[in-house]
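# Coordinate inspection notes
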Amino acid sequence: MTSSPAYRPDPKFMALGRDFSDPVDPADFPMTRLRFRNDRAAATVGLETLSDAAWIAAFGRFEPLPGNQPQPLAMRYHGHQFRSYNPDLGDGRGFLFAQLREQDSDRLLDLATKGSGQTPWSRQGDGRLTLKGGMREILAASLLEALGVPTSRAFSLVETGEDLQRGDEPSPTRSAVLTRLSHSHIRFGTFQRQAYFERPDLITVLVDHAVETYYPHLADAPDRPAVLMRAVVEASARLLAGWMAAGFVHGVLNTDNMVITGESFDYGPWRFLPRNDPNFTAAYFDHSGLYSFGRQPEAVFWNLQQLAACLTLVTDQAGLLDALNGFSDAYRDALRAAMLRRLALKPRDLATDMNLVSAAFKALAAGGDTLRWEPFFFDWFGGSASEGRAMAGPRAALYGEEAFADFRRRLAEFEPDRPERLDHPIFAQPDPEELLIEHVEALWAPIASQDDWSPLHAKLDRIEAARRAYGFGDDGAENNAV
Ligand code: AMP
Ligand code: MG
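Below: a short report on this structure. These figures come from a predicted structure and were not determined experimentally.

Here we come to the nonpolar core. Of all hydrophobic cores here, the largest spans 127 residues; its most connected members are Phe191, Met229, Phe272, Phe376 and Phe407. Considering every element that reaches this core, the biggest residue donor is helix H6 (residues 224-246), with 14 residues. Contact partners of Met229, with chain neighbours within four places excluded, come to Leu304, Leu307, Ala308, Leu311, Leu320, Ala323 and Leu324. With 27 residues, the next largest nonpolar core counts Val45, Phe59, Leu65 and Ala98 among its residues.

Next up, the structure:
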């Protein structure tokens, strides 16, 4: 295997030992056909130089990477699923494969899988992932990244040649193993498991690991659990704001699907909003709408409370309460930043900015069924700098209506941020890249019927062009976690 000098293995998690994970073997798949490799992500960890054969050995066969974990580790965790505590969770179809440093940031990243075989935590499950599920995770992660939402990246998808039975796909359906590159897989549920077994000693071990690895600038704080809690509150508020500005519904905001770095991951029944609809629900099994678009703030806060409850076993309540009480301000600030970023505007004062945020949500609501979420932000990118584009584009008649007057008047008072971005050719097109359910299905159909992957790859190329055009990653937006 030929990695580049940028490859820096640092398998820290395994040092925590058997209280936190179990060594497992990957499934021996009948086939390993490479379907997607993310060379841009690979270049950030020095793995873009791998030949396809070496790539498949690593991300289809899971032969250890040099200097990395000798064996995959199924991570132990519990969690609340739809508010019910489940002590039988854990990596049931995935594992942590390797850990390595990101080139520029020095962040510790995980290479972890979905669909790599059974583990002690599989319960009745087959340990597998459907090919369509893998494709859906690639799509979600790509567009969220382009929209500036902190997210894991889809790193590799290898088709594995098995027939799977699933209730939510025409079956038998094809199998695959996905590898994601993510900023930690330490879930809220990782703490919950140790609290459940009444092991404050192990919660302390985990707090120390989390602070030293992901928030080292907080390592000298006298009350590590409280400062960790505060950092997780802030990171989670930023993630939440990112989803809300992106019109993204994660779908399954269980405590095992949130990590302490505030990175979005584990994309199952996700949806992007077709239009502004707070009741929009992504998962067909979410009958009560618990994780609907408009209830995501409540879901994130509820999950943060569960994490704080675990930390009460190792520190005083006061500091934890203080951290939780910071959530609404943190969310407001993050939403302000996320909406201004999406609209490519320079901030003004808090009240003016928040009035614009409300006006934007009202305008989106006023657009009803005819105004989709994504085109609204695309049309008004740069505010006044886009007035001409918006009022000559396909949605001009709508924007001329009285219901948009307040939004447009407020928008005009803001200065565009880096308006030269509008020179990118994508802004000369009538519509932005979107990933509504019909788009996802239309990308899957040719793969299912003719094994034609070209529409998917063309779509990913267009999302990548959008990412560059929007330039959301280049504005120095801070993230506390390293
Ligand atoms: P998720 O909803 O994907 O976050 O998964 C919730 C739990 O179910 C985790 O413990 C998963 O590992 C487990 N799980 C989901 N699907 C399967 C499967 N096909 N085989 C084994 N475990 C699974
Ligand atoms: Mg999960």
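Still more ground to cover, so stick around.
At 1.9 to 2.2 Å from the magnesium ion (ligand 2) lie its protein donor atoms, namely Asn257 (OD1) and Asp266 (OD). By relative accessible area, which is 18% here, Asp266 ends up buried.

A few words on unusual backbone geometry. The linkage connecting Ser171 with the following residue, Pro172, adopts the cis geometry, with an omega of 5 degrees. Mapped onto the elements of the fold, Pro172 is located in the loop between strand S9 (153-164) and strand S10 (173-182). The backbone of Asp106 shows a phi angle near 75 degrees, a positive value even though the residue is not glycine. With respect to the helices and strands, Asp106 occurs in the loop between strand S6 (96-101) and strand S7 (108-114).

Moving on, we come to the site of ligand 1. The immediate surroundings of ligand 1 are formed by 17 residues, with Gly90, Gly92, Asp126, Gly127 and Asp266 found nearest. Within the side chain of Arg93, a nitrogen or oxygen atom sits 3.1 Å from a nitrogen atom of ligand 1. Classifying every residue of the shell around ligand 1 gives 2 nonpolar, 7 polar and 8 charged. Split by domain, the shell around ligand 1 shows at least three residues from each of two domains, domain 1 (13-185) and domain 2 (189-335).

A full pass over the atoms with the stated rule returns 49 salt bridges. For Asp52, the salt bridge identified is with Arg37, shortest N-O distance 2.8 Å. Taken together, the residues span a long stretch of sequence, with Asp52 in helix H2 (residues 52-59) and Arg37 in strand S2 (residues 33-37) at a distance of 15 residues. Looking at Asp52, the relative accessible area reads 45%, which means it is partly exposed.

What counts, and where the lines are drawn
- Residues numbered from 1 in each chain as written.
- Chains lettered and ligands numbered in written order.
- Predicted model: local features only at pLDDT ≥ 70, side-chain atom pairs only at ≥ 80, totals over all residues.
- Heavy atoms only, no water.
- Core = buried A, V, L, I, M, F, W, Y, C linked by side-chain atoms within 4.5 Å.
- Buried < 20%, exposed > 50% of the residue type's maximum accessible area, 1.4 Å probe, protein only.
- Helix = DSSP H or I, 4+ residues; strand = E, 2+ residues; numbered from the N terminus.
- Contact = heavy atoms within 4.5 Å.
- Donors = N, O, S within 2.8 Å, 3.2 Å for Na, K, Ca; no water.
- Near = heavy atom within 4 Å.
- Polar contact = N/O pair within 3.5 Å; in protein donor to acceptor, adjacent residues only side chain to side chain.
- Nonpolar A, V, L, I, M, F, W, Y, C, P; charged D, E, K, R; others polar.
- Domains from an automatic or database assignment.
- Salt bridge = Lys/Arg side-chain N within 4 Å of Asp/Glu carboxyl O.

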